[in-house]
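# Descriptive structure summary
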Amino acid sequence: MINLITVLTAVHGPGAHHLPDAYKSLVAQELPHGWDWQWVIQEDGVTEVVAPYVPDDPRVSFGQGRAGRAAMARTMGLSRSVGDYVKVLDADDMLTPGALARDLAALLANPGVSWATSRVLDLLPDGTTVGFDQDPPQGVIERGAVLEHWQTHDYRAQVHPATLIVRRDLLLALGGWMALPASEDTGLLLALNAVSDGWFTAETGLLYRKWPGQVTSQAAHVAEGERQARMAVVEARAMALASLKDWHPNDE
């Protein structure tokens, strides 16, 4: 019997040309005996732009649907996921060698851990990389730790949601990614940490490509009014979930 990790990618037309690099990083992964990956690619929209970049590989499932940004595309892609774990891989990013095996090892070796993240390097257009100066030490991330850091560091978490791997059942139980125009992955990360422990791997697991066409480089992403609204609902959801651990249905 083969156990699967579902690698889930939302993609839109402008980023489709990066899919071959993401695929190369995926096929280079080595997993323990009895494990393999499934790559679910979901286009945010219905065009003829993305399909030519989708690899001809039986492990790859490609779908399309009405445009609604990344959160909706990923959630629609979940309908084709069959793995016990779901690994996020943005269309313009690349896994480092051994990333999936390290993710899996962390989850299997720590039964109380339901999700994991890893160190990330920004990949700049000139090919150089830049790291993050607030990485936590390798090991368990206790419940509530991500929210606490995020609240005190201008809404920036100490671990990157683009490196996330999570139990599929917990992902579904929390409703997946938040229905926001951006920060939907941060919203999920904080929700996960509100209800369960996580893990951080200090070895680099992802190259996060920086390029002019990415959504996070657009002016709307940092427009203050929208940003404040996104952060407010992300915070409120995390705090509400955290409070449930002390809630009882007979409480008034």
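A brief structural summary. (Residues numbered from 1 in each chain as written. Predicted model: local features only at pLDDT ≥ 70, side-chain atom pairs only at ≥ 80, totals over all residues. Heavy atoms only, no water.)

### Regarding the overall build of the protein chain
- If you tally the helices and strands in the protein chain, you get seven helices and 10 strands.
- Relative to the 2.2 N^0.38 estimate, which gives 18 Å for 252 residues, the radius of gyration of the protein chain is 18 Å and therefore close to what a compact globule would have.
- Over its C-alpha atoms, taken along the principal directions, the protein chain stretches across nearly 55 × 45 × 35 Å.
- Across the 252 residues that make up the protein chain, the buried fraction comes to 50%.
- Nonlocal contacts in the protein chain, meaning residues at least 24 apart in sequence, comprise 75% of its contacts between residues at least 6 apart. (Helix = DSSP H or I, 4+ residues; strand = E, 2+ residues; numbered from the N terminus. Rg over C-alpha atoms; globule rule 2.2 N^0.38 Å. Buried < 20%, exposed > 50% of the residue type's maximum accessible area, 1.4 Å probe, protein only. Contact = heavy atoms within 4.5 Å.)

### Topic: the packing of helix H6 (residues 184-195) against helix H7 (residues 224-243)
- For the pair H6 and H7, interaxial distance at closest approach is 8 Å and the crossing angle is 15°. As summarised for this structure, H6 and H7 are arranged roughly parallel, according to the angle between their axes. Once H6 is placed against H7, the crossing between them reads as right-handed. On the side of H6, the interface is formed by Thr186, Gly187, Leu188, Leu190, Ala191, Ala194 and Val195, while H7 contributes Val234, Arg237, Ala238, Leu241 and Ala242. (Axes fitted to C-alpha atoms, helices over the stretch in contact; angles between N-to-C directions. Parallel < 35°, antiparallel > 145°, perpendicular 65-115°, else oblique. Left-handed = near helix turned anticlockwise from the far one by under 90°.)

### Considering the packing of aromatic side chains
- All told, the structure shown has three aromatic pairs when counted by the stated rule.
- With 6.2 Å between their ring centres and 35° between their planes, Trp35 and Tyr85 make a pair best called tilted. Of this pair, Trp35 sits in strand E2 (residues 35-44) while Tyr85 sits in strand E4 (residues 85-88), and the two are 50 residues apart along the sequence. Accessibility classification places Trp35 together with Tyr85 in one group, the buried group. (Phe/Tyr/Trp six-rings, centres within 6.5 Å; stacked < 30°, edge-to-face > 60°.)

### Digging into the environment of Leu26
- Within the secondary structure layout, Leu26 lies in helix H1 (residues 19-27).
- For Leu26, a relative accessible area of 0% gives the class buried.
- Leu26 sits 73 residues away from Ala99 along the chain, and the two C-alpha atoms are 9.3 Å apart.
- Setting aside residues no more than four positions away along its own chain, Leu26 makes contact with Val7, Trp37, Trp39, Leu95 and Leu100.

### Re the side chain of Asp44
- Within the element layout of this structure, Asp44 appears in strand E2.
- Of the side chains bearing the opposite charge, Arg69 lies closest to the buried Asp44, which forms no salt bridge; the N-O distance is 6.4 Å.
- Of the polar contacts made by the side chain of Asp44, one reaches the backbone nitrogen of Gly68; its length is 2.6 Å.
- If near-sequence neighbours (up to four positions away) are discounted, Asp44 is found in contact with Val11, His12, Gly65, Arg66, Ala67, Gly68, Arg69, Ala70 and Ala73. (Lys, Arg positive; Asp, Glu negative; His and termini not counted. Salt bridge = Lys/Arg side-chain N within 4 Å of Asp/Glu carboxyl O. Polar contact = N/O pair within 3.5 Å; in protein donor to acceptor, adjacent residues only side chain to side chain.)

### A word on H7
- With 20 residues, H7 extends 28 Å between its outermost C-alpha atoms, agreeing within 8% with the 28 Å of an ideal straight helix rising 1.5 Å per residue.
- Summarising the contacts, the buried residues of H7 are in contact with helix H4 (145-152) and H6. (Expected span 1.5 Å × (residues − 1).)

### With respect to the pattern of salt bridges
- Under the definition given, this model contains 11 salt bridges.
- One salt bridge connects Glu184 with Arg74, and the closest N-O pair in it is separated by 3.0 Å. Here Arg74 lies in helix H2 (residues 70-77) and Glu184 lies in helix H6, a separation of 110 residues in the sequence. In this structure, Glu184 and Arg74 share a single accessibility class: buried.
- For Asp135, the salt bridge identified is with Arg119, shortest N-O distance 2.4 Å. Pair noted here: Asp135 is in the loop between strand E7 (129-130) and strand E8 (139-141) and Arg119 is in strand E6 (residues 113-123), with a separation of 16 residues, a long-range link.
- A network of salt bridges, in which partner residues are shared, links Asp36, Asp57 and Arg59.

### Topic: H2
- Ala71, Ala73, Arg74 and Gly77 are the residues of H2 that are buried. Buried residues along H2 cover an arc of 165° about the axis, so they all sit on one side.
- Tucked into the core, H2 has its buried residues touching strand E1 (3-11), E2, E4 and H6. (Arc of directions from axis to C-beta.)

### Here's the deal with the environment of Leu164
- Looking at the secondary structure, you find Leu164 in the loop between H4 and strand E9 (165-167).
- Taking the C-alpha atoms as reference points, Leu164 and Ala229, 65 residues apart in sequence, are found 24 Å from one another.
- Setting aside residues no more than four positions away along its own chain, Leu164 makes contact with Val86, Lys87, Val88, Trp115, Ala116, Thr117, Leu188 and Leu192.

Without other data, these values stay purely geometric and don't point to any function.
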